[in-house]
Amino acid sequence: MTLAFGLPTYDASPGVHRAQAVVDTFKLSWEGYYSHAFPNDELKPVTNGLSNSRNGWGASAVDALSTALIMGERGIVNQIIDHIPHINWSNTPTQVSLFETTIRYLGGMLSGYDLLRGPLADLADKPEKVDALLAQSINLANNLSYAFETPSGMPWNGLDFSTRGHDGDTTGLAVAGTLILEWQRLADLTGNKTYSELVWKAEKYLLSPTPHSSEPFPGLVGTNINVTTGAFLDASGGWIGGADSFYEYLIKTYVYNRSYTYLRDRWIAAADSTIRYLTSHPDPRPDLTFVATYDGTTIQATSEHLACFDGGNLILGGQVLHQQKYIDYGLELVNGCHATYTQTATRIGPEIFAWNASNVPANQSAFFNTTGFYITSPGYQLRPEVIESYYYAYRATSDPKYQDWAWEAFLAINETTRVGSGYSSVSNVNVEGGGNHTDFQESFWFAEVLKYSYLIQAGEAEWQVGKDGVNEWVYNTEAHPVKVQG
Ligand code: DMJ
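What counts as what
- Residues numbered from 1 in each chain as written.
- Predicted model: local features only at pLDDT ≥ 70, side-chain atom pairs only at ≥ 80, totals over all residues.
- Helix = DSSP H or I, 4+ residues; strand = E, 2+ residues; numbered from the N terminus.
- Rg over C-alpha atoms; globule rule 2.2 N^0.38 Å.
- Buried ≥ 20, exposed ≤ 12 C-beta atoms within 10 Å, placed from the backbone.
- Axes fitted to C-alpha atoms, helices over the stretch in contact; angles between N-to-C directions.
- Parallel < 35°, antiparallel > 145°, perpendicular 65-115°, else oblique.
- Left-handed = near helix turned anticlockwise from the far one by under 90°.
- Contact = placed C-beta atoms within 7 Å.
- Nonpolar A, V, L, I, M, F, W, Y, C, P; charged D, E, K, R; others polar.
- Near = placed C-beta within 6 Å.
- Pairing = 2+ DSSP bridges.
- Core = buried A, V, L, I, M, F, W, Y, C linked by C-beta atoms within 7 Å.
- Expected span 1.5 Å × (residues − 1).

Student: Would you mind going over the overall build of the protein in detail, with residue names and values included?
Tutor: Along its length, the protein carries 16 helices and 19 strands. A globule of 486 residues ought to have a C-alpha radius of gyration of about 23 Å, and the protein, at 21 Å, matches this closely. Buried residues in the protein amount to 54% of all 486 residues.

Here is the structure:
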């Protein structure tokens, strides 16, 4: 086996060799980041430079914690938990995103705390560093809390900590709808209900949307929201970026606490409407199923890498609710997203794709006729969603085909994105080599791509998604496992 450059030469048999290969990639990525960029946010692997796109609080380190824990990488775990007590959450020169800060930093620390207070307690060299994970979660949430001081309680997303300013009167569905899991967990761990009251006040506007026209299909709502009134500003959306994780958290927060039946029921409405109204098959490839987007009741034949979490989310819902129809539909979506990977030059799927037969670019008509889609944004930013859905598909079916698909994607990503001191986003998945290495290693490379690539090959553990719909842990949208309440 070698990880010096390019394709690792592992034994391709399933199981331990593959899992170890992913661990080796994680360690190599960590060493590059730790040598050249820690404690900044991201590594720029081509130039051995650094970046602070997430406020300079060490996003890659905090995002890597739960993966290092699950992989049992004790040395890395302790490097990260030694760092976290030194983060000053009140001080940053750049705008703070409530959404990104919640899912990466708050989610990362709470997950680390849950794992280190629970099944992985022996990985922490100093117990006081574990206590600091919760203390720092409280510090962070206290600094973020003024986001909710709006006339409606619907939060601003872009925050300026130095002036207590904000970025305007419009927020997004994914922003407001991807807070309940992390902030509820914080409330449950601390006993301080203020954290949960803030996010539930905002969530209620999303569960009972106004105006009526902003819910063009039962359970499927618009994307932009007025912060002053809590009302939706449009009726456009889908399972795409800007909206996606609102739907994801309906079922995941129900998994966290089964008393939230109204979240379950809104997820069922959204899932049923998706099956009924958004299901789409490309003309040249009727065997493939994609989920369309909508503008009101007008359907658009376009989707994204980001949306490819939807198959996994449908499968999770189907398992938890014991409804095979959602599992079957989710598996169809997983198959569609798999086709976006296997038919490109790099065997990695593009950022955005479409299948509107009357709008195919002339230079992609042959590609469209074979593949069933054309590419409208060709980059790959080390995103996890396709492998994430393979993971849920494998947990639901135990079919080793999904382990093979994840391994093939891992090898393709390794071959195309491995450069310099780490792994880089690339400009074009449909040319040999991926076009240019755009010199950026996202923190979710550590949190998500490597975690799901590992988990699907790894053995049973209490944090694995249940094969029978019963889960002890639930993964937030950044793949940080949160201990369920029951
Ligand atoms: C991650 O931050 C999360 O998965 C989020 O839900 C969507 N975007 C990235 C990964 O693509």
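Student: Quick rundown of the packing of helix H11 (residues 310–321) against helix H14 (residues 385–397)? Include the residues and the values.
Tutor: The interhelical angle for the contact between H11 and H14, taken along N-to-C directions, is 25°, at an axis separation of 7 Å. On the basis of their axis angle, the class for H11 and H14 is roughly parallel. Every pair of crossing elements has a handedness; the one defined by H11 and H14 is left-handed. For the pair H11 and H14, contact is made by Gly311, Gly312, Ile315, Leu316 and Gln319 and by Glu388, Ser389, Tyr391, Tyr392, Ala393 and Ala396, respectively. Counted by class, the contact of H11 with H14 contains six nonpolar, four polar and one charged residues.

Student: Run through the site of the ligand, naming residues and quoting values.
Tutor: In the vicinity of the ligand, the residues found are Ile103, Ser245, Leu306, Arg383, Pro384, Phe444, Glu448, Thr477 and Glu478. In terms of residue class, the shell around the ligand is made up of four nonpolar, two polar and three charged.

Student: Which residues make up the sheet that holds strand S4 (residues 158–160), and what are the values?
Tutor: Ordered in space as S3-S4-S5, the three strands form an open sheet in which the pairing is antiparallel. Every other strand in the sheet has two partners, leaving strand S3 (96–97) and strand S5 (165–166) as the edge strands with one partner each. Sheet analysis places S3 next to S4, joined by two bridges and oriented antiparallel. Within the sheet, the bridge partner assigned to Ser97 lies in S4 and is Gly158.

Student: Provide a residue-level description of the environment of Pro286, including the pertinent values.
Tutor: Inspection of the secondary structure puts Pro286 in the loop between strand S9 (279–280) and strand S10 (290–291). A count of 9 C-beta atoms within 10 Å places Pro286 in the exposed class.

Student: Which residues make up unusual backbone geometry, and what are the values?
Tutor: The general pattern is negative phi for most residues beyond glycine and trans for most peptide bonds. Phe38 connects to Pro39 through a cis peptide bond whose omega is 0°. Among the secondary structure elements, Pro39 is positioned in the loop between helix H1 (16–36) and strand S1 (42–44). Put simply, Thr210 and Pro211 share a cis peptide bond, and its omega is -10°. Note on placement: Pro211 falls in the loop between helix H8 (194–207) and strand S7 (224–226). Despite not being glycine, Asn55 shows a phi value in the positive range, around 75°. Within the secondary structure, Asn55 sits in the loop between strand S2 (49–51) and helix H2 (59–71).

Student: Kindly report on the nonpolar core, identifying the contributing residues and their values.
Tutor: In this structure, Ala64, Ile80, Tyr390, Tyr391, Ala393, Ala406 and Ala409 are the most contacted members of the largest nonpolar core, which totals 154 residues. Of the residues forming this core, the biggest block, ten residues, is contributed by helix H4 (residues 98–117). When near neighbours in sequence (up to four residues on either side) are disregarded, Tyr391 contacts Gly312, Ala406, Tyr452, Leu455 and Ile456.

Student: Provide a residue-level description of the environment of Trp183, including the pertinent values.
Tutor: By the secondary structure assignment, Trp183 is in helix H7 (residues 180–190). Classification of Trp183 as buried rests on a count of 26 C-beta atoms within 10 Å. Put simply, Trp183 and Lys27 are 156 residues apart on the chain and 30 Å apart in space, counted from C-alpha to C-alpha. Look past the residues within four positions of Trp183 in its chain and what remains in contact with it is Ala141, Tyr195, Ser196, Leu198 and Val199.

Student: Before we move on, could you go through the sheet that holds strand S14 (residues 352–354) and cite the residues and values that matter?
Tutor: Taken in spatial order, the three strands make up an open sheet running S13-S14-S15, and their pairing is antiparallel. Of all the strands in the sheet, the pair left with one neighbour each is strand S13 (302–304) and strand S15 (374–377). Sheet twist, expressed as the average angle between the axes of neighbouring strands with direction ignored, equals 30°. Here S13 runs beside S14; their pairing, made up of three bridges, is antiparallel. From the neighbouring strand, Thr302 faces S14, where its bridge partner is Ala354.

Student: Describe helix H16 (residues 444–455), with residues and values.
Tutor: Helix length check: H16 (twelve residues) gives 15 Å between terminal C-alpha atoms against 16 Å at 1.5 Å per residue, within 8%. Of all the twelve residues making up H16, twelve are buried; the element is thus mostly covered by neighbouring parts of the structure. Phe444, Trp445, Phe446, Ala447, Glu448, Val449, Leu450, Lys451, Tyr452, Ser453, Tyr454 and Leu455 are the residues of H16 that are buried. Buried positions along H16 lie against H1, H2, H4, H14, helix H15 (400–417) and strand S17 (422–423).

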